[in-house]
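Coordinate analysis (summary)
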Amino acid sequence: MWNEESDWIGSFDSQLARLAECRMCSRDRGERPDATGMDLEVLEVAEEGSYGRVFRCLDIHTGALVTMKQITMVRLSQGVPAPIIREVSLLKELHHANIVKLLRVGLTENRYVNLVFEHLDYDLHHFIVNRGYPKDALTVKSFMYQILSAVAYCHSLKVLHRDLKPSNVLIDHSKRLIKLADFRLAGEFADDLLYTEKLGTSWYRAPEILCDSRQYSTQIDLWSVGCIFAEMVIGQPLVQAINCRDELEGIFKLLGTPTEETWPGITKLMPNLHIYYPKFDALGLETFVTDLEPSGLNLLSMMLCLDPSRRISAEAALKHAYFIDVNYVSLLLL
Amino acid sequence: MDFDLENPLGNFHDLPCDAVPSLFLIESDHIPPPNYCQSFKASDFDISVRRDVVSLISQLSCTFDPVLPYLAINYLDRFLAHQGILQPKPWANKLLAISCFSLAAKMLKTEYSATDVQVLMNHGDGGAIFEAQTIQRMEGIVLGALQWRMRSITPFSFIPFFVNLFRLKDPALRQVLKDGASEIILKSQREIKVLEFKPSTVAASALLYASHELFPFQYPCFLRAISDCSYINKETVVQCYNVIHDITREEYESVLNINSTSDTPVNVLDEHFLSLESEKTNGTNVVTQEQDFKRRKTTDYGNNRTVPFSHFHQC
């Protein structure tokens, strides 16, 4: 009846399946992207990732720019993969002005799930690198307020982002509007990727992740937001290490090596802490993050708190004195 | 059940308070549209076909958590509402049943054997074996019709919220009440009539029904707590309660093979709603449980039309 492809991918374990996906992507690199039935004109390949490819497209009907993420399906013997169904279902329930909107979903025959998102001009990474970081203090404050609004919304629904970093913060430049993107780490993709070592992936990771704790919660996103906050002010990542161990050491140099007093439970979490890491005294955030007003520095220190149980929540952060002069009317008009 | 998007339909937990408005605001997106019931009422054939597919799903799910068939049947109803009525072909109904079951199992992270599913579906009639790609195509069609919104807020999502309103201190009693309400919700889904009501209304009505059976003396307090909830329409809860009552009684009578009598029991919910209204009109402020019990005794005493006490248990 049907031309059933041999299910050779199904015989791999999840790790090898991921490698197989990469090989399939490589093989596809020269091929035209499959946007069958999506009513899109593909303009360019924007990104190649381990989960598939990202294309800049034109919506044929509206003329609007959109972003299409193409996820390669594996394990077809079980139908549409469960992680993809769960992930898309999650995205479908996120409705917030500061979260990028999933416009529609399409399935191509036996191969891809195409996710079509609204398109925004820039991401914060490019904004910082190419245009000089937002020197305007009000822009930093506005961006921070919007990021925290989106994070607070997600956390109220018990959704963690898990991969907050400047390149996942999209910007509508003309409106100074922020939208969070790339919730791909939700659910069962999350833990695998959270603990991989890739250049640049550890710079925004919370210390409880870096020391290999599997017990984490919403606080990990607040650490990431704190790193983004600092980066907007100083124009570069706060701690730029090449692996998790060195990243953790950089954090300890900055904030002081934790003790049972500063981080209750740390000796259970890291029994060999003082064997592997020198006992640093805190240099203090103020020595690195200059040009930030005192209330901003106070908020930053509450986000970059080593002890996750004492780190500020997104909801509480929105009420911090730093935001007291945010022009709420202008925010609402965005 | 918890409104935890990353673990939809996971274990019972208390809801975070700030998530409640979200639940009530968007629950209508996860049920068939209002005209779905009317379209079924127009045709006995359609009702029997739905019942057959529901039966197929129940067969597939008989060894799994009861929430799985609930979710699968929710997908079925939302699909039918979107795609129109079923074809009168047994194989198409089976394919749809398998696909809804499969999607629900994936959302719930439930492992199942595709081979066992095929065997169950073909038990006794030597029907077609579906290729994996056929099932995948059907899954894709269902996903598209439901716009990939597989999260499906169900009555189970609201039970913890309402139980918290009841202020039962004993965790064991809370669990008994939750289990009773869950059983009622699962039973009532089989009937098309319940689909007219929002999940929150079904949850409230099922809890009231269960509390009336399990905790008759505390029932008036529970009723007041539900009535005072600003997210709930009281009149709709009355209607839904009556539907649940009819369904439960039908099942009870069919088990005992008792002929229905012309003597309809007094509708307890109506009486208590009237009683509450009367209290409000009289300017009564706070009624303690003891006072309430005393009042009922007084009412029973000397009122010839009052139902005898034993009737509260619907025996």
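Since this is a predicted model, take the numbers as computed values, not measurements.

**Some remarks on the overall build of chain B**
Within chain B, the regular secondary structure consists of 14 helices and zero strands. Listing the helices and strands of chain B from first to last along the sequence gives α-α-α-α-α-α-α-α-α-α-α-α-α-α. In chain B, of all internal contacts separated by at least 6 residues, the share reaching a separation of at least 24 is 78%. For chain B, the exposed surface amounts to about 15,400 Å²; the carbon and sulfur share of it is 54%.

**Digging into the overall build of chain A**
Along the backbone of chain A there are 13 helices and eight strands. Counting only residues that meet the buried cut, chain A has 55% of its 334 residues in that class. Residue pairs at least 24 apart in sequence account for 65% of intrachain contacts in chain A once pairs closer than 6 positions are excluded. Put simply, chain A shows about 15,500 Å² of open surface, and 53% of that area lies on carbon and sulfur atoms.

**Notes on the nonpolar core**
In this structure, A:L148 and A:F229 are the most contacted members of the largest nonpolar core, which totals 129 residues. Here this core takes eleven residues from helix α4 (residues 137-156) of chain A, the largest share from any one element. Here A:F229 is in contact with A:V140, A:M144, A:L292, A:G296, A:L299, A:L300, A:M303 and A:Y322, once residues within four sequence places are set aside. Ranked by size, the runner-up nonpolar core spans 43 residues in total, among them B:L23, B:V202, B:A204 and B:L223.

**With respect to the pairing of strand β5 (residues 112-118) of chain A**
Residues and elements named next belong to chain A. Here β5 lies mainly inside the structure; seven of its seven residues are buried. Two elements, strand β3 (residues 65-72) and β5, share seven bridges in a ladder whose sense is antiparallel. Among the inter-strand pairings, I71 is bridged to a residue of β5, identified as V113. Alignment of strand β4 (residues 102-107) against β5, held across five bridges, turns out to be antiparallel. Note on β5: the bridge partner recorded for L107 is V113.

**Quick notes on the side chain of A:D307**
Residues and elements named next belong to chain A. Turning to its location among the elements, D307 is positioned in the loop between α11 (294-303) and α12 (314-318). Accessibility expressed as a relative area gives 3% for D307, which makes it buried. In this structure D307 touches T262, W263 and P264, once residues within four positions along its chain are discounted.

**What about the pattern of salt bridges?**
Under the defined criterion, the tally for this structure stands at 15 salt bridges over all chains. Taken together, the shared-partner salt bridges connect A:R245, A:D246 and A:E249 into one network.

**Points about the environment of A:E41**
Residue and element names in this part refer to chain A. Assignment of secondary structure puts E41 in strand β1 (residues 40-49). For E41, a relative accessible area of 43% gives the class partly exposed. Sequence separation between E41 and F55 is 14 residues, and the spatial gap between their C-alpha atoms is 9.9 Å. Those residues in contact with E41 that lie beyond four places of it in its chain are R56, C57, L58 and I60.

**Some remarks on the sheet that holds strand β7 (residues 169-172) of chain A**
Residues and elements named next belong to chain A. A sheet is described by the order of its strands in space; here three strands give the open sequence β6-β7-β8, paired in antiparallel fashion. Looking along the sheet, the strands with just one partner apiece sit at the ends: β6 (122-123) and β8 (177-180). Alignment of β6 against β7, held across two bridges, turns out to be antiparallel. Within β7, the residue paired with Y122 across the bridge is I171. Across the sheet, α4 is in contact with β7 and β8; its angle to β8 comes to roughly 35 degrees.

**Observations regarding the environment of A:P237**
All names here are of chain A. Residue position: P237 is located in the loop between α7 (219-234) and α8 (244-255). Put simply, P237 and K165 are 72 residues apart on the chain and 9.9 Å apart in space, counted from C-alpha to C-alpha. Setting aside residues no more than four positions away along its own chain, P237 makes contact with W203, Y204 and E231.

About the cut-offs
Residues numbered from 1 in each chain as written. Chains lettered and ligands numbered in written order. Predicted model: local features only at pLDDT ≥ 70, side-chain atom pairs only at ≥ 80, totals over all residues. Heavy atoms only, no water. Helix = DSSP H or I, 4+ residues; strand = E, 2+ residues; numbered from the N terminus. Contact = heavy atoms within 4.5 Å. Areas by Shrake-Rupley, 256 points an atom, 1.4 Å probe, with all protein chains shown as cover. Buried < 20%, exposed > 50% of the residue type's maximum accessible area, 1.4 Å probe, protein only. Core = buried A, V, L, I, M, F, W, Y, C linked by side-chain atoms within 4.5 Å. Pairing = 2+ DSSP bridges. Salt bridge = Lys/Arg side-chain N within 4 Å of Asp/Glu carboxyl O. Axes fitted to C-alpha atoms, helices over the stretch in contact; angles between N-to-C directions.

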